[in-house]
Amino acid sequence: MSKEITGAEALMRALQNEGVKTIFGYPGGAIMPVFDALYDYTRGENKVFNHILVRHEQAAAHAAEGYARVSGEVGVCLVTSGPGVTNTLTGVADAMMDSTPIVVIAGQVGVASLGTDAFQEVDLVGISQPITKWSYQIRCPEDVEWAVRRAFYIAKSGRPGPVVLDFPKNAQVNKTIWLANTDLGLRSYNPYPAINPTSIEKAAELINKAEKPFALVGQGVELGGAQEELKAFLEKANIPAGRTMLGLSALPSDHPLNMGMLGMHGSYSTNMKTQECDVLIAIGMRFDDRVTGDVNRYAKQAKIIHLDIDNSELGKNVKVDVPVLGDCKATLPAITQLLEVRKHTAWIESFGTYDRIEMEKVIEPAIHPKEGPLLMAEVINVIAEQTNGEAILVNDVGQNQLFSCRYFKYKHNRSIVTSGGLGTMGFGLPAAVGACLGRPDRQICLFMGDGGFQMSIQELGTIMEQQLPIKMILLNNNYLGNVRQWQDMFFHGRKSFTRMLNPNYRTICDAYHIGYDVAIEREELVAKVQAMLAAPGPYLLECAVKEEDNVMPMVSPGAAVDEMILEVSL
């Protein structure tokens, strides 16, 4: 006769069956039986899981995101009920916006107490449903294995995203016979839609007739593992490509068909050519407003082909001439097979006109300034050169994010971890924790502003405890820089509560036993970057950068993407 086990023990077995190796968590009353079961799975010769104790539950969700982004696996969080799990919901919403597969498992009061406003009770399923792919309450231990299998399958299949499991205490402590359940019960869920051959043929026909084709590469290529299929597609027909922020490492920075980043702070040429191309091929991207600018004036001259695995995205923001529903790992080669070999030499060379203008007016002054304080782009460019495209970029939100996305370099896929859709300040530090644990074989470079850093500064404790060799670059301008830039440009320079009085970061790093240095002078920058990269453990390099530097070029809110501002006089 099979031995009975608790629901908490069943959860451990179910997570082990899913191949989980790392869990980010924070214990509390309503999840204590699970943490008690976890004890035996994190110690000794039979250790199964590496549990990372974060310092705040929001950090657990962001760390799970960072882990998932770089590893291609599902990130896992384990937290308690009430404020424990509500603290994770910013990370859950972030994961939903950026299609990141995470599973959050939260304690809950016993079923008998539900609806009584018991201590630390919250209607988790109700509040999380709008920001998850699936949210479910496990009310009895018999459902644990089925719910976990279903949660992981939903999180990682199709268009990935977050799943939340609400785990009442009675289901954790009551006992059940362990039985492997093979029926997921997902009759209405079709994560991999069948490819329509007609749409493939129409797309190939449009591309073959195009004189000025242009591809827009999004994170869907990374999520689908279709980087090689993308290169084969682009190279056969010689199609230039721009990349979204989340899709930056889907194509190597030095690939000859890579024309740069799209959108509000993207490359001059990619935005201008969006308005000149005759066929626009969007691959695994969602036509976000930061990419399109004024959607009513976006690429009106072009026939638009959109490849996406999520049918709801096709035609949602931009009218599409040929929607291609399906996984781009399958749809890209299907189209490539029908493509003619083309050159498009003159069209590709025409990007260079805009590139030269941007280099002269924006890039060269930003990365090689002749005088004055350090600039953010200058610092990032030095680190990009020293890491030679081999590092993973993690950043927070704000000017540090926009500058680092513009100037960092990528040789390998899954090399950028950033908060795109939700734009979550405080994301960077915990996401770097997850990225470092997800890919311990790669260098992690984390860029932060002084504002975002202080939103999750407590995670220095996690980094200290785990001795994670994250290289943290603090671009300190004593401002909430991006908001300050908008105040200067669009609110008559009225800097309303954007200047910051900052702490002594050296003292903070000393308290956490983390290596620290500060770069102030241009002449010392390279040596200090090299020392940071060579340091064996965690290290923070504070860079005293120009206080009122601006991210350029820029598409102003409400403007068309070809109405880019290259310089600003304030």
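The structure under discussion appears in the preceding block.
Not measured: the values here are computed from a predicted model.

Definitions and cut-offs
- Residues numbered from 1 in each chain as written.
- Predicted model: local features only at pLDDT ≥ 70, side-chain atom pairs only at ≥ 80, totals over all residues.
- Heavy atoms only, no water.
- Helix = DSSP H or I, 4+ residues; strand = E, 2+ residues; numbered from the N terminus.
- Buried < 20%, exposed > 50% of the residue type's maximum accessible area, 1.4 Å probe, protein only.
- Contact = heavy atoms within 4.5 Å.
- Pairing = 2+ DSSP bridges.
- Right-handed = clockwise from strand over helix to strand, strands pointing away.
- Salt bridge = Lys/Arg side-chain N within 4 Å of Asp/Glu carboxyl O.
- Axes fitted to C-alpha atoms, helices over the stretch in contact; angles between N-to-C directions.
- Polar contact = N/O pair within 3.5 Å; in protein donor to acceptor, adjacent residues only side chain to side chain.
- Expected span 1.5 Å × (residues − 1).

*Asks:* Can you break down the environment of Thr 244 residue by residue, with the values?
*Replies:* With respect to the helices and strands, Thr 244 occurs in the loop between β10 (241–243) and β11 (258–261). Here Thr 244 falls in the buried class, since its relative accessible area comes to 10%. A sequence separation of 96 residues divides Thr 244 from Glu 340, and the C-alpha atoms of the two residues are 26 Å apart. With near-sequence residues (within four places) excluded, Thr 244 lies in contact with Val 217, Gly 218, Gln 219, Met 261, Leu 262, Met 285 and Val 291.

*Asks:* Describe the pairing of strand β15 (residues 392–395), listing the residues and the values that go with them.
*Replies:* What you see with β15 is no split at all: Ile 392 and Val 394 on one side and Leu 393 and Asn 395 on the other are buried throughout. Where β15 and strand β17 (residues 444–449) come together, four bridges link them in parallel fashion. Residue pairing for β17: Asn 395 is matched across the bridge by Phe 447. Two elements, β15 and strand β16 (residues 416–417), share two bridges in a ladder whose sense is parallel. Bridge assignment links Val 394 to a residue of β16, and that residue is Val 417. Since β15 and β16 lie parallel, the crossover through helix α17 (residues 399–407) that links them has a hand, and here it is right-handed.

*Asks:* Describe the pattern of salt bridges, and please don't skip the residues or the numbers.
*Replies:* Using the criterion set out here, one finds 26 salt bridges in the structure. Salt-bridge contacts for Glu 211 lead to Arg 342; the nearest nitrogen and oxygen are separated by 3.6 Å. Here Glu 211 is found in the loop between α9 (197–209) and β9 (213–217), whereas its partner Arg 342 is found in the loop between α14 (328–336) and α15 (345–367), with 131 residues between them in sequence. Here Arg 499 ties to Glu 547 by a salt bridge, and the two come within 2.9 Å at their closest N and O atoms. In this pair, Arg 499 sits in the loop between α21 (481–490) and α22 (505–511) while Glu 547 sits in the loop between β20 (539–544) and β21 (554–555), placing the two residues 48 residues apart along the sequence. Residue classification places Arg 499 among the partly exposed residues on the basis of a relative accessible area of 48%. Here the salt bridges share partners, and the residues they tie into one network are Arg 159, Asp 310, Glu 313 and Lys 316.

*Asks:* Talk me through helix α18 (residues 428–438); I want residue IDs and the actual numbers.
*Replies:* Of all the eleven residues making up α18, eleven are buried; the element is thus mostly covered by neighbouring parts of the structure. Taken as a whole, α18 has its buried residues at Gly 428, Leu 429, Pro 430, Ala 431, Ala 432, Val 433, Gly 434, Ala 435, Cys 436, Leu 437 and Gly 438.

*Asks:* Explain the sheet that holds β17 to me, and be specific about the residues and the numbers.
*Replies:* Overall, parallel pairing links the six strands, which are arranged β16-β15-β17-β18-β20-β19 in an open sheet. Because the sheet does not close on itself, it has two edges, and the strands there are β16 and β19 (515–519). In this structure, strand β18 (residues 471–476) lies alongside β20, joined through six bridges in parallel fashion. Note on β20: the bridge partner recorded for Met 472 is Leu 540. Against the sheet, α17 touches β15, β16, β17 and β18, its axis set at about 160 degrees to β15.

*Asks:* Can you tell me about the side chain of Thr 80, naming the residues and giving the values?
*Replies:* With respect to the secondary-structure elements, Thr 80 resides in the loop between β4 (75–79) and α4 (83–86). For Thr 80, a relative accessible area of 5% translates into the label buried. Here the side chain of Thr 80 touches Ala 30 through a polar contact of 3.2 Å, landing on its backbone nitrogen. Filtering out sequence-adjacent residues up to four positions away, Thr 80 remains in contact with Tyr 26, Pro 27, Gly 28, Gly 29, Ala 30, Ile 31, Val 85, Ala 106 and Gly 107.

*Asks:* If you had to explain unusual backbone geometry to someone new, which residues and values would you point to?
*Replies:* With omega at 0 degrees, the peptide bond leading from Met 552 into Pro 553 counts as cis. With respect to the helices, strands and loops of the structure, Pro 553 is situated in the loop between β20 and β21. Although it is not a glycine, Phe 497 adopts a positive phi angle of roughly 60 degrees. Structurally, Phe 497 is set in the loop between α21 and α22.

*Asks:* Could you give an account of the side chain of His 344, naming the residues involved and the relevant values?
*Replies:* With respect to the helices and strands, the residue His 344 is situated in the loop between α14 and α15. Owing to a relative accessible area of 9%, His 344 belongs among the buried residues under this scheme. Here His 344 is in contact with Ala 210, Glu 211, Pro 213, Ala 237 and Asn 238, once residues within four sequence places are set aside.

*Asks:* So what's going on with the sheet that holds strand β13 (residues 303–308)? Which residues, and what values?
*Replies:* With parallel pairing, the six strands of this open sheet are ordered in space as β11-β10-β9-β12-β13-β14. Looking at which strands have only one partner, the edges of the open sheet turn out to be β11 and β14 (322–325). The sheet shows a mean angle of 20 degrees between the axes of neighbouring strands, direction not considered. Of the pairings in the sheet, the one linking β10 to β11 comprises two bridges and is parallel in character.

*Asks:* Account for helix α16 (residues 376–387), with residues named and values stated.
*Replies:* Because the α-helix completes a turn every 3.6 residues, residues three or four places apart line up on one side. Between the first and last C-alpha of α16 there are 17 Å, a value that for twelve residues agrees with the 16 Å anticipated at 1.5 Å per step. Most of α16 sits inside the fold, with ten of its twelve residues counted as buried. The inward-facing, buried residues of α16 abut α15, α17, β17, β18, α23 (525–534) and β20. Positive backbone phi, at 55 degrees, marks Asn 388, one or two positions downstream of α16.

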